[in-house]
Amino acid sequence: MSLTEQVPVAGGVHIGSSAAAAGRAAGERAATALREVLRRKSRARVIFASAPSQDACVRTLAAAPDIDWSRVQSMHLDEYRGIEEANPAAFGQWLADRLPAPAQAGLDRISPHGTSDDEVSRYTDLLTAGPIDLICLGIGVNGHIAFNEPGDTDFRSTILVREVALTHASRKQQVDEGLFPGLDEVPTHALSLTVPAILRGDALVVTVLGPAKAASVASALTGPVTPDLPASALRTHQDVAVFLDEHAAAALPADLRTSRIENG
């Protein structure tokens, strides 16, 4: 499929009456996908975003019945360079705090320490060791996915993990979401999976919440598919479902506001 083609969202856009309803529905969608993988295969490999918008999704998935987490390998999309691993704002720690106890042994975190080249190589080897069955992710205020920033993203790159310099918008988002007390505390660089790495996932569950994301959501779901808005590449995937609350969906046209999640 051409990366410039105007395409719909394959798995639909689902709008919750609240952030809790949207997050819970996303988690249920992810749980269904993960159960199906474990029914077919001995092990599953899942990648998670770590952000407040993902909290209800991850917690719902973690609490879902009939998932054998001892058979799940968990990874995450990105990590700050130089942050202490036990810092609650570190993406690996955020995820570890929310996955169930049986999942902890299968969690392979991106290290914030050592050289970037060494960790890029190690995590690339991990990603390519088998298929990625499921990815749970969000969309940033400036349209980033993972930490692939507008204007600094290559949809055709053969690289799966790279070091990125974070934009002011992405760093400010971390402060606005309460993850850091001030901009000076937010790291300036991170390791991130690339857009091609994300699109390698067999199924994508995207959760986006809040009014600050409305403009980027509308552009990603209705505008051109372009590296200037990395999240737009999600529309080229064959199995992607998007879950929004009313605020994040506010700028969408009427034809994308038909699937409603009323409970929660």
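Description of the structure in this document. (Residues numbered from 1 in each chain as written. Predicted model: local features only at pLDDT ≥ 70, side-chain atom pairs only at ≥ 80, totals over all residues. Heavy atoms only, no water.)

## A short note on the overall build of the protein
Move 1: Scanning the protein from terminus to terminus reveals 7 helices and 10 strands.
Move 2: Compactness check: the protein gives a C-alpha radius of gyration of 17 Å against a globular reference of 18 Å for 264 residues, within 12% of the reference.
Move 3: By principal-axis analysis of the C-alpha atoms, the protein measures approximately 50 × 40 × 40 Å.
Move 4: Taken over 264 residues, the protein has a buried fraction of 57%.
Move 5: Considering only contacts in the protein between residues 6 or more positions apart, those separated by 24 or more positions represent 80%.
Move 6: Carbon and sulfur atoms make up 52% of the accessible area of the protein, which totals about 10600 Å².
Move 7: A distance of 5 Å separates the average location of the 23 positive side-chain charges in the protein from that of its 32 negative side-chain charges. (Helix = DSSP H or I, 4+ residues; strand = E, 2+ residues; numbered from the N terminus. Rg over C-alpha atoms; globule rule 2.2 N^0.38 Å. Buried < 20%, exposed > 50% of the residue type's maximum accessible area, 1.4 Å probe, protein only. Contact = heavy atoms within 4.5 Å. Areas by Shrake-Rupley, 256 points an atom, 1.4 Å probe, with all protein chains shown as cover. Lys, Arg positive; Asp, Glu negative; His and termini not counted. Charge placed at Lys NZ, Arg CZ, Asp CG, Glu CD.)

## Quick look at the sheet that holds strand 4 (residues 78–80)
Move 1: Strand order in the open sheet made by the 3 strands is 4-7-6, with antiparallel pairing throughout. Edge positions in the open sheet fall to strand 4 and strand 6 (161–165), since each of these has one partner strand only. Within the sheet, the average angular offset between the axes of one strand and its neighbour, ignoring direction, is 20 degrees.
Move 2: Direction of pairing for strand 6 relative to strand 7 (residues 189–193): antiparallel, over a ladder of 5 bridges. Residue pairing in the sheet places Glu163 in a bridge with Leu191 of strand 7. (Pairing = 2+ DSSP bridges. Axes fitted to C-alpha atoms, helices over the stretch in contact; angles between N-to-C directions.)

## As for the environment of Val72
Move 1: Mapped onto the secondary structure, Val72 falls in strand 3 (residues 72–76).
Move 2: Exposure remark for Val72: the relative accessible area of 0% places this residue in the buried category.
Move 3: Between the C-alpha atoms of Val72 and Ala103, which are 31 residues apart in sequence, the distance is 6.8 Å.
Move 4: Residues within four places of Val72 in sequence aside, it is in contact with Leu34, Leu38, Arg43, Ala44, Val46 and Gly106.

## Examining the pairing of strand 8 (residues 203–208)
On a regular strand, each side chain points to the face opposite its neighbour's, so the side chains alternate between the two faces of the sheet.
Move 1: Counting buried residues along strand 8, 6 of its 6 residues qualify, which places the element largely inside the surrounding structure.
Move 2: Side-chain alternation along strand 8 places Ala203, Val205 and Thr207 on one buried face and Leu204, Val206 and Val208 on a second face that is also buried.
Move 3: Bridge analysis of strand 8 against strand 9 (residues 240–245) gives 5 bridges, and the strand direction is parallel. When the sheet's bridge partners are listed, Val205 is paired in strand 9 with Ala241.

## A closer look at the side chain of Asn142
Move 1: With respect to the helices, strands and loops of the structure, Asn142 is situated in the loop between strand 5 (134–137) and strand 6.
Move 2: Within the structure, the side chain of Asn142 is placed 2.9 Å from the side chain of His144, a separation counted as a polar contact.
Move 3: Excluding its chain neighbours within four sequence positions, the residues that come into contact with Asn142 are Glu149, Pro150, Thr167, Ala169, Ser170, Ser216 and Leu229. (Polar contact = N/O pair within 3.5 Å; in protein donor to acceptor, adjacent residues only side chain to side chain.)

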